[in-house]
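# A closer look at the structure
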Amino acid sequence: MSKTIDSEPMTLRLFNTLTGQLDPLAPSDGKSLRMYACGPTVYDYGHIGNFRTFLQVDVLRRFLKLSGVPVLHVMNITDVDDKIIRNAAQAGVPIGEYTPRFVDAFFEDLEALRVERPEKIARATEHIERMVELVQKLAAAGAAYQTEDGSWYFRLAAFPEYGKLSKKDLSGMEDGARVDVDEYEKDSARDFALWKAAKPGEASWETAIGRGRPGWHIECSAMAMEYLGESFDLHAGGEDLMFPHHENEIAQSETATHKPFARHWMHVRFLLVEGRKMSKSEGNFFTLRDLLLKGHKASAIRLALISVPYRHQLNFTFEGLTEATSAVERLRTFHDRLTNTRWPAKNEAQGNDEEVAKAIGTAKEDFYAALANDLNTAEARAAIFELVRKANTFADAGKLHESDAREMLAVLKDFDAVFDVLEDRDAAPTQRAIDWAVQSGRQAEIAPELLARPSVTDEAIEALIAERTEAKKQRNFARADQIRNELAEKGIILEDTRDGVRWKRK
Ligand code: AMP
Ligand code: ZN
């Protein structure tokens, strides 16, 4: 018999960019895991690369919770920055009128992908005061200075440990090298902006350090420390943020507090599309909405984006997405089989079928071990699919009993606490994407098969099924078949089981 791991949750070992090794990740206060993940810059709709990162952080938080570790997860919304200012100006509206649409869209997309909401969402524009205080603190320590135009810079020379996260060789960045026309007044080319002086027509705030707006790095330092304290457990983001964004966050925060900022740093590797960097000009740039409008299901997109472990390059392809679609189907069919079959009870004399018990025990153990080992989602998924394969064989051979089915459903429940693809909730996000496309004049982007399929409510389906059952009772098989075909045309599949008719949307 395989050993059970119920009694002792495994401690996750996660790669830590700061130490360059797998470190155990556990709450330092013995209570909850305090983590900060850089959120979106809301100037446009999120693309699948962004969502890969948010999904991998979701896998992390879900696995922690499954292992019995509560999380306090903070995510920022960058709602003021150069790109936002540029786009809002082009649209002829203030940034406060430009960003809400993209904030709402972002949360709608997270919901479609079943990404859990962080405990705290912090908007940059609502924390200006905290950022100003941090700049003042750095200035008092001699680590920040103001240039003639009114901007504030961080003096890198004040933080000798600079570069400890990315281990970058910064010797090429010589003092005095002119890197930006805006920044010619800096004492050193390596110094970075904490606060940008107001420019005509740009969003700005009147504050104790002058009129202007915060730099991007100071936003994250101020908001992370506001909600998580000066030192906290984990900081996460995409790999592009490691340098300079996270390096700068460390420099500012640790100079201000003299305490370690985040103990653990998690970076998600970038996603490629069909082997190349995603870019609009290459024509391989996809938002979540693009994929939904092409007819792909949100659950399949979720599975495709999380199945490759976060530290590996994910090469997103449509072939892979099709594979994920059938993988979700296979899981759901298996789950249905487990729940809808009347499995025989085990009689005393039979005892335990070693083979079946072993398959269940191994799947559970492998699933947990894979995730505990640097969130290896590929192996965790493989462990469950191996169980599906074996269980179907056992079931076909009449070897499955009621108690086995119950245990397997428990394993699937753990799997789904992290992967969250079993329940079919795909119709709503697709419908929302269609409605959005219609409202925003993008009808042409909607896949014809999505338009061809008239939408039909759950109530209407149930009513037709009831009518079909009645027709069958009356031996009116022509009408019964007609109803089945009518529903099939609308993408509703009926399945006659011993316990009655079940239906699902294709
Ligand atoms: P942004 O909205 O550009 O600030 O990015 C939001 C998050 O998405 C950040 O954590 C980025 O590092 C991450 N990100 C951006 N592009 C990609 C990509 N191609 N693959 C994975 N993550 C990405
Ligand atoms: Zn950040």
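As the structure is a prediction and not an experimental result, all values here were calculated from the model. All residue numbers refer to positions counted from 1 along the written sequence of the respective chain. Whichever chain is written first becomes A and whichever ligand is written first becomes 1, with later ones labelled in order. Reporting in this predicted model follows two pLDDT cut-offs: at least 70 for local features of residues, and 80 or more for side-chain atom pairs to be given and counted; totals over whole chains, interfaces and linings ignore these cut-offs and use all residues. Excluded from the side-chain calculations are hydrogens and water; all other atoms, namely the structure's heavy atoms, are used.

### A few points about the packing of helix α10 (residues 318-340) against helix α13 (residues 402-419)
Our working rule: Orientation is described by lines fitted to C-alpha atoms, with helices fitted over the stretch in contact, and by angles between N-to-C directions that extend from 0 to 180 degrees. Secondary structure is summarised from DSSP: a helix means a run of H or I of at least four residues, a strand means a run of E of at least two, and numbering begins at the N terminus for each. In a left-handed crossing the near helix is turned counterclockwise from the far helix by less than a right angle, and in a right-handed crossing that turn is clockwise. Contacts are residue-level and defined by heavy atoms, with any inter-residue pair within 4.5 Å sufficient.
Where α10 contacts α13, the two axes come as close as 10 Å, and the packing angle between them is 145°. Considering how the two elements wind past one another, α10 and α13 form a crossing that is left-handed. Side by side, α10 and α13 meet where Leu-331, Phe-334, His-335, Leu-338 and Thr-339 of the first sit next to Ala-405, Met-408, Leu-409, Leu-412 and Phe-415 of the second.

### A closer look at the side chain of Ser-307
The criterion, for reference: Between buried and exposed lies partly exposed: a residue is buried under 20% and exposed over 50% of the maximum accessible area for its type, with that area taken using a 1.4 Å probe on protein chains only.
Of note, Ser-307 is situated in the loop between α9 (298-306) and β15 (314-316). Among the residues examined, Ser-307 registers a relative accessible area of 11% and is labelled buried. What Ser-307 contacts, discounting residues up to four positions off in sequence, is Thr-377, Ala-378 and Arg-381.

### Here's the deal with the nonpolar core
For clarity, the threshold we go by: Here the nonpolar core consists of buried residues drawn from Ala, Val, Leu, Ile, Met, Phe, Trp, Tyr and Cys, with membership extended through side-chain atoms lying within 4.5 Å.
Counting 142 residues, the largest nonpolar core has Leu-60 and Phe-367 as the members making the most contacts within it. Of all hydrophobic cores here, the second largest spans 8 residues; its members include Val-456, Leu-464, Ile-483 and Leu-487.

### Section: the coordination of the zinc ion (ligand 2)
Applied cut-off: Nitrogen, oxygen and sulfur within 2.8 Å of a metal are treated as its donors, or within 3.2 Å for sodium, potassium and calcium (Na, K, Ca); water is not counted, so a site can appear incomplete.
At this site the zinc ion (ligand 2) is bound by Cys-38 (SG), Cys-220 (SG) and His-245 (NE2), with donor distances of 2.1 to 2.2 Å. Each donor residue of the zinc ion (ligand 2) belongs to the same chain, and together they define the spacing C-x181-C-x24-H. On the criterion of sequence distance, the pair formed by Cys-38 in the loop between β3 (33-37) and α1 (48-66) and His-245 in helix α7 (residues 242-257) is long-range, its members being 207 residues apart. As far as burial versus exposure is concerned, Cys-38 and His-245 are alike and both buried.

### Things to note about the packing of aromatic side chains
Note the threshold: Here the aromatic set is Phe, Tyr and Trp, taking the six-membered ring for Trp, and pairing holds for ring centres within 6.5 Å; pairs whose planes are under 30 degrees apart are stacked, those over 60 apart are edge-to-face, and all others are tilted.
Within this structure, the stated rule accounts for 17 aromatic pairs. Ring geometry for Phe-154 against Phe-192: centres 5.1 Å apart, planes inclined by 20°, an arrangement best described as stacked. Of the two residues, Phe-154 sits in strand β7 (residues 152-154) while Phe-192 sits in strand β8 (residues 192-197), which places them 38 residues apart along the sequence. Overall, Phe-192 belongs to the buried group, its relative accessible area being 8%. An aromatic cluster is built from Phe-63, Phe-367, Tyr-368, Phe-415 and Phe-419, whose rings are joined through pairwise contacts.

### Some remarks on the pattern of salt bridges
Cut-off, in case you're wondering: Any carboxyl oxygen of Asp or Glu within 4 Å of a side-chain nitrogen of Lys or Arg constitutes a salt bridge here.
Scanning the entire structure with this criterion turns up 44 salt bridges. Arg-389 is the salt-bridge partner of Glu-386, the closest N and O atoms lying 2.8 Å from each other. Of this pair, Glu-386 and Arg-389 both sit in helix α12 (residues 377-396), 3 residues apart, which is roughly one turn of that helix. What emerges from the salt-bridge pattern is a single network uniting Asp-58, Arg-62, Arg-114, Arg-302, Asp-420, Glu-423 and Arg-425.

Take it as geometry only, folks, not as evidence of what the structure does.
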